[in-house]
Amino acid sequence: MHALTRNPIRSGQAMVALIVLALALASPNSAFGDKKKKKADADAQQTAEQKPQFDISKLVWPSPPSIVRVRYMAYYAGMKIDYTQATTKKKQSWMDRLAGAQSTDEKATLKNFPFQLLGPYGIAIDSKGRVYVADQKVGAVFIFNTETRDVQLIGNGSQAHFGWINGLAIDDDDRLFVSDGKMHRVLVFSPKHEVISQISEKLVDPVGLALDSENRLLYVVDTQQDQVVVFDADSLKELRRIGTGGKDHWLTTPGDFAAPQGIALDKDGNVYVTDTLNNRVEIFDAEGTFVKQFGRHCDGPGCFARPKGIAVDGDGHIWVADAFNDTLQVFNDEGQLLTYLGGHGHYPGQFEALVGVAIDKQNRVFTTEQYPGRMQMFRYVTDAEAAAEKTRQEEERKRAADAKRQSSATTPPASPAEAPQKPAETPAQKPPANDAAQGKS
């Protein structure tokens, strides 16, 4: 009987001990909790230290103290993704929860996942500053508002039927021209993004597009035919062709092409074409007459290895996007390299399969690259802006030099008390008297 009877005092003490132990283990201030918290904090700090930090506002080319000519601005990868949007979770079975399976509403679908750039190529800018990008893999034209980052689509199967879209061009009336290599045509859209016409006769593989708004000309690069086809931009009738066709990319003579890709115009109507397999840029006048060429095949600055996109800025500089070297190079009209940026990589200012480049009237420079699926935006510093900055720096250096000279001139000379004293000559330092001075013979 006594053996089975519990001592109430001991039982109470045991219960208190268990409660204290449970509270100690559950408390975040316990030694065990402190140890876990410190380890988590250390891991988080180490992760933060390992993550590279970039101040993109200071990303410029060339690097200081040289006068800056290109500034990095931003990049765009597609429609906004709202990672914080709550989803309705349906009740799952205990087996699904144990396996970590997603509910039906949590699974990404084409209906609830925004479109992203997968194979961006040609670029064009409309009168409102919106940037249009043809994406070959998505099969759609992305329309970016660079200020709000809102995105619209001209989609395949909705506004149009696309096969393999390449180049874009927009005229002063905001008509959009889209080249489609698979469908062998150029589609024409109204400012409301409705198809209003097309060019399909005698086109094989249209890629690069350019518009001469003043002379009402549309230039179409047909890569397979090794020609640039010139159309009337209003009637869409063919006017003439530049280059010899039907030679299967073997021609190297000046004025001919081997798989050309990009095309651009300057303010005088001169035509610039990237002759991709010949690794050069060819220049023609407004009538289509060959003028000059520049470029050679190598992998260093000033060289080409499959140039594709091309653009001309307001100062007449020629920007060339090189797909193999992943460099964006800037030349004068004599083919002399002025500056360049890029290199292989995914960081800002680097590229992976760079293909497109376009420059708008606000001196914004846009590039597209295939593998990251993104468009980068830069700011071109004009010749006038660069000259003003050079003058400012020279005046600043002159003021600093004048201030230094003035400070030296107004500094009083040291007083006699402050002047350094010549140490007294000690006997040991006196030279010994010569024999003649001492009267010795």
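This report concerns the structure included in the present document. Everything quoted here is computed from the prediction, not taken from an experiment. Here, residues in each chain are numbered from 1, in the same order as that chain's written sequence. Under the rules for a predicted model, residues below a pLDDT of 70 receive no local features and side-chain atom pairs below 80 are neither given nor counted, while totals for whole chains, interfaces and linings still include all residues. In computing side-chain values, all of the structure's heavy atoms are included and hydrogens and water are not.

### Let's talk about the overall build of the chain
For the chain, the helix and strand inventory stands at four helices and 25 strands. Relative to its 441 residues, the chain shows a buried fraction of 39%. Residue contacts follow a heavy-atom distance rule, with two residues in contact if any of their heavy atoms lie within 4.5 Å. Put simply, of all contacts in the chain between residues at least 6 apart along the chain, 43% involve residues at least 24 apart. By the criteria applied, helices consist of DSSP H or I runs no shorter than four residues and strands consist of E runs no shorter than two, each listed in order from the N terminus. Three exposure classes are used, based on accessible area relative to the maximum for each residue type with a 1.4 Å probe and protein chains only: buried under 20%, partly exposed in between, and exposed over 50%.

### Quick word on unusual backbone geometry
Geometrically, the link from W61 to P62 is a cis peptide bond, its omega value of -15 degrees lying close to zero. For the peptide bond that leads from P64 to P65, omega is 10 degrees, which places it in the cis range. Turning to its location among the elements, P65 is positioned in the loop between β1 (60-61) and β2 (70-76). Even without being a glycine, K202 presents a positive backbone phi close to 65 degrees. Along the chain, K202 turns up in the loop between β10 (195-199) and β11 (206-212). Unlike most non-glycine residues, A353 shows phi in positive territory, near 60 degrees. By the secondary structure assignment, A353 is in the loop between β22 (337-342) and β23 (354-359). Judged by its relative accessible area of 14%, A353 is buried.

### A short note on the nonpolar core
We call a set of buried Ala, Val, Leu, Ile, Met, Phe, Trp, Tyr and Cys residues a nonpolar core when their side-chain atoms join them within 4.5 Å. Among the nonpolar cores identified, the biggest contains 16 residues, and W319, L328, L341, V357, V365 and F378 are the most heavily contacted of them. Looking at this core, the elements that each hand over two or more residues are β2, β20 (318-322), β21 (327-331), β23 and β25 (374-380). Considering each element in turn, this core owes the most residues, three residues, to β23. Contact partners of V365, with chain neighbours within four places excluded, come to W319, L328, V357, A358, I359, Q376, M377, F378 and Y380. By size, the runner-up hydrophobic cluster in this structure holds 15 residues, among which are Y132, V141, L187 and F189.

### Details of the environment of A311
As for its position among the elements, A311 is in strand β19 (residues 307-312). Given the relative accessible area of 6%, A311 is considered buried. Considered as a pair, A311 and F366 are 55 residues apart in the sequence and their alpha carbons are 10.0 Å apart. Leaving out residues up to four positions away in the same chain, A311 has contacts with A264, H317, I318, W319, V357, A358 and I359.

### Observations concerning the sheet that holds strand β7 (residues 165-170)
If DSSP finds at least two bridges between two strands, the strands pair. Overall, antiparallel pairing links the four strands, which are arranged β7-β8-β9-β10 in an open sheet. Edge positions in the open sheet fall to β7 and β10, since each of these has one partner strand only. When strand polarity is set aside, the average angle formed by the axes of neighbouring strands in this sheet is 20 degrees. Sheet topology places β7 next to strand β8 (residues 176-180); four bridges connect them, and they run antiparallel. The partner of I170 across the bridge, within β8, is L176. Helix axes are fitted to C-alpha atoms over the stretch in contact, other axes to C-alpha atoms as well, and angles between N-to-C directions run from 0 to 180 degrees.

### Regarding the sheet that holds strand β18 (residues 290-294)
For sheets, the rule is that strands pair by backbone hydrogen bonds, running either parallel or antiparallel. Spatially, the four strands line up as an open sheet ordered β15-β16-β17-β18, and their pairing is antiparallel. Each edge of the open sheet carries a strand with a single partner, namely β15 (263-265) and β18. If you compare each strand with its neighbour and ignore which way they point, the axes differ by 20 degrees on average. Where β15 and strand β16 (residues 271-275) come together, three bridges link them in antiparallel fashion. Across the sheet, residue L265 finds its bridge partner in β16, namely V271.

### Examining the pairing of β10
Alignment of strand β9 (residues 185-189) against β10, held across four bridges, turns out to be antiparallel. Along β10, the bridge assignment pairs V186 with I199. Where β9 hands over to β10, the hairpin turn is made up of five residues, of which H193 adopts a positive phi near 65 degrees.

### Overview of the environment of G246
Relative to the helices and strands, G246 is located in the loop between β14 (238-242) and β15. C-alpha separation for the pair G246 and Q225, spaced 21 residues apart in sequence, amounts to 6.0 Å.

### Section: the side chain of T367
Secondary-structure assignment places T367 in strand β24 (residues 364-369). Residues in contact with T367, not counting those within four places in the same chain, are I123, L328, F351, L354, G356, V357, R374, M375, Q376 and F378.

### Digging into the packing of aromatic side chains
The relation between two aromatic rings is expressed through the spacing of the ring centres and the mutual angle of the planes. Classification of ring pairs rests on two measures: the distance between centres of Phe, Tyr or Trp rings, Trp counted by its six-membered ring, which must be within 6.5 Å, and the angle between planes, read as stacked under 30 degrees, edge-to-face over 60 and tilted in between. Here the structure, examined in full by the defined rule, presents twelve aromatic pairs. Between Y76 and F144, the ring centres sit 5.8 Å apart and the planes meet at 55 degrees, which makes this aromatic pair tilted. Note that Y76 is positioned in strand β2 and F144 in strand β5 (residues 140-144), a separation of 68 residues in sequence. Comparing Y76 with F144, the two get one shared label, buried.

### Some thoughts on the pattern of salt bridges
Between Lys or Arg on one side and Asp or Glu on the other, a salt bridge is scored when a side-chain nitrogen of the former is within 4 Å of a carboxyl oxygen of the latter. Following the criterion strictly, the structure yields 18 salt bridges and no others. D150 serves as the salt-bridge partner of K80, at 3.5 Å between the closest nitrogen and oxygen. Highlighted residues: K80 in the loop between β2 and α3 (94-99) and D150 in the loop between β5 and β6 (151-155), separated in sequence by 70 residues. Assessed through its relative accessible area of 41%, D150 is described here as partly exposed.

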